[in-house]
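Fold and geometry: a report
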Amino acid sequence: GFIIASMGAFDDILGLIWYKKFLIQIISAVLMIMYFTGEFSVIEIFGIRLTGITAYVFLLVFIVGGINSINLIDGLDGLASGLSLLVFIMFFALGFYIEDDLILILSAAFAGSIIGFLKYNAFPAKIFLGDTGSLTLGFFLVFLSIYTSAGLFEDKIDITYPVIVLGVPILDTIKVMTGRM
C-alpha cells in the first residue's frame, strides 16, 4: 500500500510516465501475491478453476486491473469515493459476519476517511482524490476482496464475488481500454 500511495503522490506532484506507473503497480501486485502465497493453491472465478502459473497470472491481472479501475472512474465528482465507500461498508459487514479484525479495522478506517472526504468531493467538488487517493483506494479494495475470499475458503481464492462487487469499475475500465485501442 505504501508503494502505491508513494507512486501516486509522486505522480500527482511531478508526473510519472504511464509505463513506469504500470511497472510499479505490477511490483506491488507481485508483493500482494507473495503475501497471499500459501493461502491458496487454486483460484476460482465463476466456477472455473485456475491452478499453477495461470492462477498467478490471473491474480496479477486482477490486482493491477482493480487498482487502475478505481483510478479510471475518478472522472466524476464523488463517483470513485462514493463507490469505494459502499464497498468498504459491505466489507465491514462481511468482516463483522466472519469475525475478522483486520477486515473490520481496514474497512472502518477507509469508510470513515471517505465519509469525511466525500463532503468536499461531492458535486461541486472542492478537492479531488488524484492518483494518490484513487490508486490507494483501488489497492485496498482489491486487497480486502482477496483477503476476505482467502479467509472464507480453505486452500482457494474465489474471485467471483470481488469481480461482482467491483463490476462497475472493472466494466468501465474494459470500456475505456477498448475505446482507446
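Calculation criteria
- Residues numbered from 1 in each chain as written.
- Predicted model: local features only at pLDDT ≥ 70, side-chain atom pairs only at ≥ 80, totals over all residues.
- Heavy atoms only, no water.
- Helix = DSSP H or I, 4+ residues; strand = E, 2+ residues; numbered from the N terminus.
- Buried < 20%, exposed > 50% of the residue type's maximum accessible area, 1.4 Å probe, protein only.
- Contact = heavy atoms within 4.5 Å.
- Areas by Shrake-Rupley, 256 points an atom, 1.4 Å probe, with all protein chains shown as cover.
- Lys, Arg positive; Asp, Glu negative; His and termini not counted.
- Charge placed at Lys NZ, Arg CZ, Asp CG, Glu CD.
- Core = buried A, V, L, I, M, F, W, Y, C linked by side-chain atoms within 4.5 Å.
- 1 Å grid on protein atoms, 1.4 Å probe; cavity = no way out; pocket = protein on both sides within 12 Å on 5 of 7 lines; lining within 4 Å.
- Points joined across faces, edges and corners; volume = space filled by probe spheres on them.
- Nonpolar A, V, L, I, M, F, W, Y, C, P; charged D, E, K, R; others polar.

What follows concerns the overall build of the chain. A count of helices and strands for the chain gives eight helices and three strands. In the chain, the succession of α and β elements from N to C terminus is α-α-β-β-α-α-α-α-β-α-α. Projected onto the principal axes, the alpha-carbon positions of the chain cover approximately 45 × 40 × 30 Å. Looking at the chain as a whole, 48% of its 181 residues are labelled buried. Taking the intrachain contacts of the chain between residues at least 6 apart in sequence as the baseline, contacts between residues at least 24 apart amount to 74%. For the chain, the exposed surface amounts to about 9700 Å²; the carbon and sulfur share of it is 72%. Considering the chain, the positive charge centre built from 8 side chains and the negative charge centre built from 14 side chains are found 11 Å apart.

Turning our attention to the nonpolar core. Ranked by internal contacts, the top residues of the largest apolar core, which has 50 residues, are Ile-63, Phe-88 and Ile-146. Counting residues per element, the ones that place at least two in this core are helix H1 (2-13), helix H2 (18-36), strand S1 (40-45), helix H3 (52-72), helix H4 (79-98), helix H5 (101-121), helix H6 (130-152) and helix H7 (160-165). With 11 residues, the top contributor of residues to this core is H6. Apart from the residues lying within four places of it in its own chain, the contact partners of Ile-63 are Ala-29, Met-32, Ile-33, Val-142 and Ile-146.

This paragraph deals with the layout of surface pockets. Of the volumes computed, that of the largest pocket is approximately 840 Å³. Contributing to the lining of the largest pocket are 24 residues, with Phe-22, Asn-68, Leu-72, Thr-173 and Met-177 lying nearest its centre. Those elements that place two or more of their residues in the lining of the largest pocket are H2, H3 and helix H8 (167-180). Top contributing element to the lining of the largest pocket by residue count: H3, with 10 residues. Grouping the constituent residues of the lining of the largest pocket by class yields 16 nonpolar, six polar and two charged.

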